[in-house]
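Residue-level structural notes
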Amino acid sequence: MFDLRPTDEQRMLVDTVRDFALRACRPAALAADAACETPAALLAAADELGLGALGVPESLGGVLEHRSTVTGVLAAEALAEGDMGIALACLAPGAVATALGLWGDADQQAAHLPAFTEARPPAAALAIAEHHVLFDPFALRTRARRGAGGDLVLRGSKALVPRGVDADLLLVAAVLDEAPSLFLVETASARGLSLTAEPAMGVRAAATARLEFDDVSLPAGALVADSDPQVYRELVALARIAWSALAVGAAQAVLSYVSAYVNERTAFGEPISNRQSVAFMVADVAIELESLRLATYRAARLAETGQDFIRPASLARSLAARHATAIGSTGVQLLGGHGYTKEHPVERWYRDLRAAGMLEGGLIL
Amino acid sequence: MINPEVPAKLDTLVYQAHMAAVHVLRPISRRYDTAEHEYPVELDTLAELVAQANAQQAGLNTTPEVEPSGSARSGEENVNGRNLASLVGLIEMCWGDVGLMLTMPRQGLGQAAIHAVATPEQLRRFGGRWAAMAITEPEAGSDSAAIRTTAVLDGDEYVLNGEKIYVTSGDRAELIVVWATLDRSAGRGAIKSFVVERDNPGLKLDRLEHKLGIRASDTANFVLENCRVPKENLLGSPELATTREGFAGVMQTFDNTRPMVAGMAVGVARAALDRTRELLEEAGVTIEYDRPAATQTAAVADFIRLEADWEASRLLALRAAWMSDNRLPNKLAASIAKAKAGRVATEVTLRCVELCGTVGYAEDELLEKWARDAKILDIFEGTQQIQQLVIARELLGKSSSELR
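Residue positions are counted from 1 within each chain, in the order its sequence is given. To label them, take the chains in the order written and letter them from A, then take the ligands in the order written and number them from 1. Given that this is a predicted model, residues contribute local features only at a pLDDT of at least 70 and side-chain atom pairs are listed and counted only at 80 or more, while totals for whole chains, interfaces and linings are drawn from all residues.

1. Details of the overall build of chain A
- Going along the chain from the N terminus, every DSSP run of H or I of four or more residues is numbered as a helix, and every run of E of two or more is numbered as a strand. The helix and strand tally for chain A stands at 9 helices and 10 strands.
- Between the two quantities, the radius of gyration covers C-alpha atoms and the globule rule is 2.2 Å times the number of residues to the power 0.38. What you see for chain A is a C-alpha radius of gyration of 20 Å, in line with the 21 Å of a compact globule of 365 residues.
- Projected onto its principal axes, the C-alpha positions of chain A cover 80 × 40 × 40 Å.
- Think of it as a crowd count around each C-beta: if 20 or more other C-beta atoms lie within 10 Å the residue is buried, if 12 or fewer it is exposed, and in between it is partly exposed, with C-beta placed from the backbone throughout. Across the 365 residues in chain A, those meeting the buried criterion constitute 58%.
- Residues are defined as contacting one another if the C-beta atoms placed from their backbone atoms lie within 7 Å. In chain A, the share of contacts with a sequence separation of at least 24, taken over all contacts with a separation of at least 6, comes to 75%.

Quick look at the structure:
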C-alpha cells in the first residue's frame, strides 16, 4: 500500500537524531567547517546514539532489529538538518559496516563487524571517487592485479574520501580482471598507502582525504563479493541515495532558516516575505525539497525490499544535483549580502549542497 | 511504513485504463485534435466501461484496505481509497489523451465540486451525472473571489445573472456547477455554487473557444440571463459565511481536484517521455542510469533530467491524493503537486519535441500535440503563480492581504 508514515521505531530514532542534530551539531558546524574536522566529542556522541552502526544487524550486535535503507535515510536526513558535513563524518564509517553486512563473507564479517558495535567503533571509509574530470564510477582508473604470491596489488588513487585520514579500515573500489571490485584495506598494515587531507568546497567537517595506493599488497581475502558487478552497481546507487538523503536534510535546514528570515527582515516598510519575488522563491524551495524527499524515499524503499532501485536512485540523484544545489543558492540569495557572510549558515549550505548530486561513494545507509 | 508505491490492488484498474488509452483514445487522438468541436462519439462506449470502473472504485472506498497493526502508529489506519484510485486511472487516461479524457461523459470536475459541499440529498440527485464547473468570468480569472455573477432568491428559486467563460465540457455536460454571489458587497463569504441543468433556458451558450491544445474538449462561454434554478440546487448551506471560512469551503474543492490535475500532467508527460525514449532507442541511443549524466550524450543527460522531474511530480501527486484519502489536511501538498506537475509537464513535452527535432515537431507524431495539450495543465485549476501564492502563504503564515 502507498504510505508515507514512518514506523514507531523510525519516528523515535528520527526524534532523537534530529534533537542531537539541532542542539549539538548545528552550533558546532561553523568551527568544524573551518577546522575540516568534526570534534571527537560529537563523533563519540553520535556513536553512542548508534549512528555508526545502523547497518549492523542485531544478530551481529547492531541496534536495529532489521537493517533498513529507509531508516538510514531518515536518520541521515535528520542529522544533516543539523549539519551536512558533520552528518557525513558521523555516518561515513558505518558505510563500511553496512557494505560488509550486505556483501561480506563470513570471515570478513567476523573479522570486522563486531568492532563497529563497540563503544568506540573503528574509523572506516568507503572510497570510490577519483581525482579527474568526467569521473565515472564504472570506468575506474584505480586497478588491482594478482600478485605472484597469490596476493592482490592495488595501484591508483581515491579522492575526497570522508574521514579518510584517520581511517583504520577502507573499502576501496578498483578494477580487477576488467570488473569493478571492492577491497578491504587495513590501513595499519598497508605498505605503500598514503592518506592526506584534501579539503574541498564543502562537507569540510567530514575531513575529506586523498588516498594514494602505490602497489599496496593485500591478502586474497581482502576481495569483497568476488567482483560481482551487480554488487558494485548497487553500492554506487546506494551511495547516491545516501547523498540525496543528506541533501534533503540540508535543504530542509535552508527552508526553515529562510522562512524565518524573510518574515523577520523588513525593507521598504514591510517584511520582505510580503513580496511575491521573495515568497515565490521560498515556495520553490519547498516544491523541490518535497520532490527530492519523495524520490529519495522511493529509491530507499525499493532498495531495502530487494527490488530494482538503480533507476529510482539515479532519478533522485538528478534532482539532488540540480534542485538541491539551487536550494543552496536560493538560501544565500534570500539573505542577500548577509547570506554571503559567515554570520549565517546559508553560505555553508550553499557549499555543502553542491556535493550531493555529484560526489560518488563515501556513504551508504 | 514508508512505501511510496501504487498498491497492487490498483494494478487491474491501471491496466484497464491503460488499455482504454491504447485502444480507444490514441487511435482517435489526432482526429479530434484536428476536428475541433466535433463530439467524439467513440467515448460513449468507453464511458460505460469507466462507469463500471468507478463502481469498483466506490467499492474500494467503502472497504478501504487497512495497514496491518504494528507497522505504523497504533490506532491509525492507512487508507488507499477513491482519490488514489482516481489519480492512477487518470494518469493512464491522460497518457492516452488529455483532451479526450476531459470530455469523457460523466467525468467532469464538476462532480468534485458537488462531492466537496453537497448534502446527502443533493448527492443523490446529482451524483454520477456529467457535471461541468463554471467559475471563471471575463473579469475574474485567478481571482475567483471577484466573481460578479449574482444569485437572488425569488420565491423557491434563485435567479442567476452573469457571464461564465472557459467552462470545460460546458456544451456537452448535463449539469453546470455555477459559482455566484448572494451579495456582491459581502465578499467571499457570499459565494456559493449552484447546479444548473444544461437545458435551462436561462443558460445561453455564447460560443466555443478555439484553443492551443486539448481541442477534443469543448470549452464553452455562457451568458446567464435570469436563469432560474430551484433553491435546493444551491450546494451546501445557503448561510452567508461571516468569515473567510465559507469561501474556504468552496475553495476546498481544489484540495481534491488539484492532485487530479497534477495526475493529468503526469500522464501526458509520460506519454512524451515514453515515445521519446522509443525514438531515441530507434536512433541508437541507450539511456544508462548507472553512469553519470555528464559522461553520456547530451540527449541522454537531458532525458534523465526530464524523467527525474517527472518522477517527482508523480510522487507528489500520489502523496496529495493519498492525503485526501486519509483526511489529512493537504492544501499545501495539493498545491505543491499541481505546481510541480504543471510546469514539469510543459517542460517535459516541449523538451521532448526538441529532443526529437523535426520528428517531434511534425504532425505525424503526437509529440507536438502533447506539448500543446500540456500547457493548459499549468493554467487551469489554478495557475502556476496561484499555486505559488498558496504554497508561500501556507509556509510563511501569510494572509491574502499580506502576500497578494
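Okay, back to it.
2. Some details on the pairing of strand 1 (residues 124-127) of chain A
Residues and elements named next belong to chain A.
- Of the two faces of strand 1, the one lined by Ala124 and Leu126 and the one lined by Ala125 and Ala127 are each fully buried.
- By the bridge criterion, 4 bridges tie strand 1 to strand 4 (residues 169-176) in an arrangement that is parallel. Considered in strand 4, the bridge of Ala127 is made with Val172. Here, a strand pair is defined by DSSP locating no fewer than two bridges between the strands.

3. Topic: the interface of chain B and chain A
- Listed by partner, the interface residues are 44 residues for chain B and 39 residues for chain A.
- Looking at the side of chain B that touches chain A, the elements with two or more residues in it are helix 9 (298-325), helix 10 (331-361) and helix 12 (384-396) of chain B.
- Ranked by residue count, the leading element in the side of chain B that touches chain A is helix 9 of chain B, at 11 residues.

4. Re the domain arrangement of chain A
Residue and element names in this part refer to chain A.
- Source of the domain bounds: an automatic or database domain assignment. By the assigned domains, chain A splits into domain 1 (8-122), domain 2 (125-227) and domain 3 (232-356).
- Placing a centre on the C-alpha atoms of domain 1 and another on those of domain 3 gives a separation of 22 Å.
- Contacts between the two partners involve 18 residues from domain 1, matched on the other side by 20 residues from domain 3.
- The greatest single-element share of the side of domain 1 that touches domain 3, amounting to 9 residues, is contributed by helix 3 (residues 69-82).
- Throughout this entry, Asp, Glu, Lys and Arg are counted as charged residues, while Ala, Val, Leu, Ile, Met, Phe, Trp, Tyr, Cys and Pro are counted as nonpolar. The remaining residues, Gly among them, count as polar. A breakdown of the residues in the side of domain 1 that touches domain 3 according to their chemical character gives 12 nonpolar, 3 polar and 3 charged.

5. Some words on the nonpolar core
- The term nonpolar core refers to a group of buried residues, namely Ala, Val, Leu, Ile, Met, Phe, Trp, Tyr and Cys, whose C-beta atoms join them within 7 Å. In this structure, Phe183, Ile241 and Leu246 of chain A together with Ala265 of chain B are the most contacted members of the largest nonpolar core, which totals 220 residues.
- Examining the composition of this core, we find that 21 residues originate from one element, helix 6 (residues 229-264) of chain A, more than from any other.
- Leaving out residues up to four positions away in the same chain, Ile241 of chain A has contacts with Thr69, Val73, Thr296, Ala299, Ala300, Ala303, Ala313, Ala316 and Leu365 of chain A.
- Residues Ile165, Tyr166, Ala220 and Leu224 of chain B belong to the second largest nonpolar core, which totals 37 residues.

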